[in-house]
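Here is how the chains run, residue by residue.
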Amino acid sequence: MRRFRAFVLLLILLVLFAGTTGVKAQTYLFQVPREIVSVYINDDGNLTIDYSITFTNESPDPLDIIDIGLPNNNYDPSSITADVNGNRLDKIRKSQYVPMGIEVHLEEYSIQTGNTATLHVNIGIVSNALGKSELQEAEDYASLEFTPNYFGSEYVRGKTHLTFSIILPAGMDCLLYTSPSP
């Protein structure tokens, strides 16, 4: 079975997140009609990251492995859960292709040609992702940067309804700074 590789530039949290986007075979073509990304800042400073990505497979090959980029390699593998349309996935490993990421094996729940399915991945503990702000007016604040994932235009088509949330602990103040798109 051919392996689906969707390289994700998903998160830049704090200083640096380097990810790539792509797929292993040129025959892959899919849509991502909906994506929901939630980043929870926990009281202890760790993050919980939750992805819900809907794929529609338009290629002749099944989508069977999906790579998810992470902000760093300081995640707890035992805190990760994944499912496709509610069907639990147990084979989650360090990505072979994304330096800071995981690969989720869809196995018997691979998305076949013409089918649509939603992959849900929750990374319960990502540590060392917050740091001191570099902005002079926010020296006493922690820094968090986020870039939603995207897929190369040669592999994905159509529009994506993207929902992105950052959930802060109760009582935390927030100074929002947005940088222009590259």
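About the cut-offs
- The written sequence of each chain sets the order in which its residues are numbered from 1.
- A pLDDT threshold of at least 70 governs which residues receive local features in this predicted model, and a stricter bar of 80 or more applies before side-chain atom pairs are shown or counted, although totals over entire chains, interfaces and linings include all residues.
- The basis for every side-chain value is the complete set of non-hydrogen atoms in the structure, without hydrogens or water.
- A pair of strands is labelled paired if DSSP reports no fewer than 2 bridges between them.
- Each helix is a run of DSSP H or I of at least 4 residues and each strand a run of E of at least 2, with the numbering of both proceeding from the N terminus.
- All axes are obtained by fitting lines to C-alpha atoms, using only the stretch in contact for helices, and the reported angles, taken between N-to-C directions, cover 0 to 180 degrees.
- Note on classification: 1.4 Å probe, protein chains only; a residue is buried when its accessible area is under 20% of the maximum for its type, exposed when over 50%, partly exposed between these limits.
- Residues adjacent in sequence count toward polar contacts only when both atoms are side-chain atoms; beyond that, a polar contact is any pair of N or O atoms within 3.5 Å, and within protein one must be able to donate a hydrogen and the other to accept it.

Draft legend 1. Examining the sheet that holds strand 4 (residues 80–84) more closely. The sheet built from six strands is open, its strands ordered 5-4-8-2-1-11 with mixed pairing. A strand with exactly one partner marks an edge of an open sheet, and here the two such strands are strand 5 (87–89) and strand 11 (161–167). Averaged over all pairs of adjacent strands, the angle between their axes in this sheet comes to 15°, without regard to strand direction. Relative to strand 8 (residues 116–126), strand 2 (residues 47–57) runs antiparallel, the two sharing nine bridges. When the sheet's bridge partners are listed, Ile 53 is paired in strand 8 with Leu 119.

Draft legend 2. Molecular detail of the environment of Tyr 28. Within the element layout of this structure, Tyr 28 appears in the segment before strand 1 (30–41). Of the residues examined, Tyr 28 reaches a relative accessible area of 1% and is grouped as buried. Along the sequence, Tyr 28 and Leu 63 sit 35 residues apart, while their C-alpha atoms lie 8.2 Å from each other.

Draft legend 3. The side chain of Ser 59, seen in detail. On the secondary structure map, Ser 59 appears in the loop between strand 2 and strand 3 (65–69). For Ser 59, a relative accessible area of 1% puts it in the buried group. A polar contact is formed between the side chain of Ser 59 and the side chain of Asn 57, at a distance of 2.7 Å. Separated by 3.0 Å, the side chain of Ser 59 and the backbone oxygen of Asp 61 make a polar contact.

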